[in-house]
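Coordinate analysis (summary)
Letter by letter, the chains look like this.
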Amino acid sequence: MTDPTHALSFGAAAGEYDRFRPRYPEEAVRWALDGLDAPARVVELGAGTGILTRGVLALGHEVVPVEPDPGMRARLDAVTPGTTAVAGSAESVPLPDGAADAVLAGQAYHWFDRERAHAEIARLLRPGGVLAPIWNLRDERTGWVAELTKIARMGGSADDLASRVGDFGPAFAPAEQAVFAHRTTLTPDELVGMVRTRSYYLTADPERRRDLDRELRDLLDTHPDLAGRERFDLPYRTLVCRARRR
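This report concerns the structure included in the present document.

How each quantity is defined
Residues numbered from 1 in each chain as written. Predicted model: local features only at pLDDT ≥ 70, side-chain atom pairs only at ≥ 80, totals over all residues. Heavy atoms only, no water. Core = buried A, V, L, I, M, F, W, Y, C linked by side-chain atoms within 4.5 Å. Buried < 20%, exposed > 50% of the residue type's maximum accessible area, 1.4 Å probe, protein only. Helix = DSSP H or I, 4+ residues; strand = E, 2+ residues; numbered from the N terminus. Salt bridge = Lys/Arg side-chain N within 4 Å of Asp/Glu carboxyl O. Axes fitted to C-alpha atoms, helices over the stretch in contact; angles between N-to-C directions. Left-handed = near helix turned anticlockwise from the far one by under 90°. Contact = heavy atoms within 4.5 Å. Nonpolar A, V, L, I, M, F, W, Y, C, P; charged D, E, K, R; others polar. Polar contact = N/O pair within 3.5 Å; in protein donor to acceptor, adjacent residues only side chain to side chain. Phe/Tyr/Trp six-rings, centres within 6.5 Å; stacked < 30°, edge-to-face > 60°. Pairing = 2+ DSSP bridges.

Membership of the largest hydrophobic core comes to 29 residues, with the highest contact counts inside it found for L45, V103, F112, I121, W135 and F172. Elements with a contribution of two residues or more to this core: β1 (41-45), β4 (100-106), α6 (114-124), β5 (125-138), α8 (158-162) and β7 (232-244). Formed by 28 residues, the second largest nonpolar core is a distinct cluster that contains I51, W111, V130 and V240.

Laid out in structure tokens, this is it:
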């Protein structure tokens, strides 16, 4: 489990998080839920501001978003009509046994206490139900993106993460994995805004934040793929791990 101070740092920037973080490609969400007819009962853990929630709702499924941070829950409720986030964590979900056909976690599984979360997710899922963590990960095979990662300590490629996740415990069948390429178009200010929603930035002291802002501006002003451009594409690889409840 990662530092809980970092895990609960996002609420202070909930509006910016929802604005600047990338959406999930539809094909990745469909693959995560493959084999489930709509409307499936989906529980999303660590739902944040509802970015993945809204993607799942758009496919015709029912979603119960579960989120520990009150600031993130408030933002989710404000921008996701007809849905109310539930206070809870991956390790303690206030829902009955077998309540879900699928449990998703967008950009959240790495924060979980895995042993406790796996047991709780197994309790929530009906037999044959699906657990599918999903991550949007910057494609560091692009030169300037690799430099961005070094500046903002936004580490973790799709290949690296795929090698470290996938064993969800004895209640689950072996996991499958798939990667989906996509990209988002940003202005320089939007890139800075996105970095300012990262836990490393949010928990940094003011001096370190100023240093990060300066280093980002230097990258934007000097890298040949970015300098002088009003908009540019930030490439992503979306990793999905999918396992069925035994």
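Here the focus is the pattern of salt bridges. In total, this model carries 17 salt bridges according to the counting rule given. Among the salt bridges present, the one from D18 reaches R75, with a minimum N-O distance of 3.7 Å. Of this pair, D18 sits in helix α2 (residues 14-20) while R75 sits in helix α5 (residues 70-79), placing them 57 residues apart in sequence. Ionic pairing is found between R208 and E215, a salt bridge with its closest N-O pair at 3.4 Å. With relative accessibility at 27%, the residue E215 sits in the partly exposed group. Connected via shared salt-bridge partners are D18, R54 and R75.

This part takes up the packing of helix α9 (residues 188-195) against helix α11 (residues 206-222). Between α9 and α11, the least distance of the axes is 11 Å, while the angle of their chain directions is 145°. The two elements α9 and α11 cross, and the hand of that crossing is right-handed. Across the interface between the two elements, P188, D189, L191, V192 and V195 of α9 pack against D213, L216, R217 and L220 of α11. Across the contact of α9 with α11, the residue classes tally to six nonpolar, no polar and three charged.

Further remarks concern α6. Here α6 has its buried residues at A117, H118, E120, I121, A122 and L124. The inward-facing, buried residues of α6 abut β1, β4 and β5.

Inspection of the secondary structure puts N136 in strand β5. Residue class for N136 comes out buried when judged on its relative accessible area of 4%. A distance of 2.6 Å separates a polar atom in the side chain of N136 from a polar atom in the side chain of T238. With residues up to four places along the chain from it excluded, the contact list for N136 reads P22, R23, Y24, P25, Q107, H182, Y236, R237 and T238.

With that out of the way, let us pick up the packing of aromatic side chains. Per the stated rule, a full pass over the model turns up six aromatic pairs. Arranged with centres 6.0 Å apart and planes meeting at 85°, the rings of Y109 and W135 form a pair that is edge-to-face. Taken as a pair, Y109 in the loop between β4 and α6 and W135 in strand β5 lie far apart in primary sequence, 26 residues in all. Relative to F232, the ring of W144 lies with its centre 5.5 Å away and its plane at 80°, an arrangement referred to as edge-to-face.

If you trace the seven strands from one edge of the open sheet to the other, you get β3-β2-β1-β4-β5-β7-β6, paired in mixed fashion. Of all strands in the sheet, those with a lone pairing partner are β3 (86-87) and β6 (176-186), marking the two edges. As paired elements, β1 and β4 share three bridges and run parallel to each other. Directly across from E44, in β4, lies its bridge partner L104. The strands that α6 touches are β1, β4 and β5; relative to β5, the one it contacts most, it runs at about 130°. Sheet strands in contact with α9 are β6 and β7, and its direction is about 35° off that of β7.

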